[in-house]
Amino acid sequence: MSKRAQENIIAFIFLFFFIAMIVISFDYSPKARMVPVPIAVVSAVVMLLQIYLMNFRKDIELNVDAAELLTGGRSADSIVEGKVHDEVEEVKVKKIEGGKEHVGLLIVLTYLVMTLLIGIMPAMFLFVFGFFVWISKTHWIKALLIAFVTEISVYILFIFVLEVQFYEGWLVKLILG
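Residues numbered from 1 in each chain as written. Predicted model: local features only at pLDDT ≥ 70, side-chain atom pairs only at ≥ 80, totals over all residues. Heavy atoms only, no water.

Chemist: Explanation requested: the overall build of the chain in the structure shown.
Modeler: Secondary structure assignment for the chain yields eight helices and zero strands. The N-to-C order of helical and strand elements in the chain reads α-α-α-α-α-α-α-α. Across the 177 residues that make up the chain, the buried fraction comes to 19%. The contacts in the chain between residues at least 6 apart in sequence include a share of 51% that link residues at least 24 apart. (Helix = DSSP H or I, 4+ residues; strand = E, 2+ residues; numbered from the N terminus. Buried < 20%, exposed > 50% of the residue type's maximum accessible area, 1.4 Å probe, protein only. Contact = heavy atoms within 4.5 Å.)

Here you go:
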């Protein structure tokens, strides 16, 4: 089987998957299908465009070589030639120590406890802010801005547009009744 036939088979499998998602989504309520239907429609259109370009446009090269992306567009042969002629500097690999699993689990557990105690929206704000300040080492003003934008985006999409009611939290219910 040729490479083009394999690519077409995969593209049509994805296309049929997106069409199936559109058909399945019409069994949902009008509000529930506001997210999956547009995403599936756009994905199906993009997939149809890709199938068209793969089969009918010979002047467009759709294949992406990840090695060329990582090497700045230079082919493997030019890198080997550069290495032979000492044109390429030696790459120094800096070892970065990864995180620990228990720290990741502790972060998720902290978010879960915050959600149960103070609710989804305040917990999300504190989690996003804390993540950017302590884990990503972002300046606190930028982290605060990102947390506000995240909070406003989620509020507009879920509470205002989709009218979803989020969990308010045990302490909020206890204090405010």
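Chemist: I tried to follow unusual backbone geometry on my own but got confused; where do I start?
Modeler: With phi around 60°, lysine 137 is a residue other than glycine that occupies positive phi space. You can see lysine 137 is positioned in the loop between helix 6 (120-135) and helix 7 (140-161).

Chemist: Would you mind showing me how to read helix 1 (residues 3-25) here?
Modeler: Given 3.6 residues per helical turn, the α-helix brings residues three or four places apart onto the same face. In this model helix 1 runs 33 Å from its N-terminal to its C-terminal C-alpha over 23 residues, within 8% of the 33 Å that 1.5 Å per residue would give. When we look at burial in helix 1, the residues that qualify are Asn8, Ala11, Leu15, Phe18, Ile22 and Ser25. Buried residues in helix 1 make contact with helix 2 (36-56). (Expected span 1.5 Å × (residues − 1).)

Chemist: Would you mind going over the nonpolar core with me for this structure?
Modeler: Within soluble globular proteins, side chains that are nonpolar generally end up buried alongside one another. Within the largest apolar cluster, nine residues are counted, these being Met121, Met124, Phe125, Val128, Phe129, Val133, Ala143, Ala147 and Val154. Counting only elements with at least two residues in this core, the list comes to helix 6 and helix 7. Here this core gets six residues from one element, more than from any other, and that element is helix 6. Dropping the residues within four chain positions of it, methionine 121 is found in contact with Glu151, Val154, Tyr155, Ile159 and Phe166. If you look at the next biggest cluster of nonpolar residues, it comprises seven residues, including Leu15, Ala44, Ile51 and Met54. (Core = buried A, V, L, I, M, F, W, Y, C linked by side-chain atoms within 4.5 Å.)

Chemist: Got a minute to help me understand the environment of leucine 117 in this structure?
Modeler: Along the chain, the position of leucine 117 falls in helix 5 (residues 101-118). The exposure class assigned to leucine 117 is partly exposed, which follows from its relative accessible area of 32%. Residues leucine 117 and glycine 169, spaced 52 residues apart in sequence, show a C-alpha to C-alpha distance of 4.7 Å. Once residues lying within four places of it in the same chain are set aside, the contact partners of leucine 117 are Gly169, Trp170, Leu171 and Val172.

Chemist: Would you take a moment to explain helix 6 for this structure?
Modeler: Along helix 6, the residues classified as buried are Met121, Ala123, Met124, Phe125, Val128, Phe129, Gly130 and Val133. Where helix 6 is buried, its residues touch helix 5 and helix 7. Directly beyond the C-terminal end of helix 6, a positive phi value near 60° is found at lysine 137.

Chemist: Looking at this model, I keep getting lost on the pattern of salt bridges. Mind explaining?
Modeler: Two side chains with opposite charge may pair up if their charged atoms get near one another. Using the criterion set out here, one finds one salt bridge in the structure. With its nearest N and O atoms 2.5 Å apart, the salt bridge here joins lysine 31 to glutamate 163. In this pair, lysine 31 sits in the loop between helix 1 and helix 2 while glutamate 163 sits in the loop between helix 7 and helix 8 (170-176), placing the two residues 132 residues apart along the sequence. Accessibility expressed as a relative area gives 40% for lysine 31, which makes it partly exposed. (Salt bridge = Lys/Arg side-chain N within 4 Å of Asp/Glu carboxyl O.)

Chemist: What exactly am I supposed to notice about the environment of leucine 15 here?
Modeler: Considering the arrangement of structural elements, one finds leucine 15 in helix 1. By relative accessible area, which is 6% here, leucine 15 ends up buried. Once the C-alpha coordinates of leucine 15 and alanine 44 are considered, the two residues, 29 residues apart in sequence, prove to be 5.5 Å apart. With sequence-adjacent residues up to four places away left out, leucine 15 is seen in contact with Ala44, Met47, Leu48 and Ile51.

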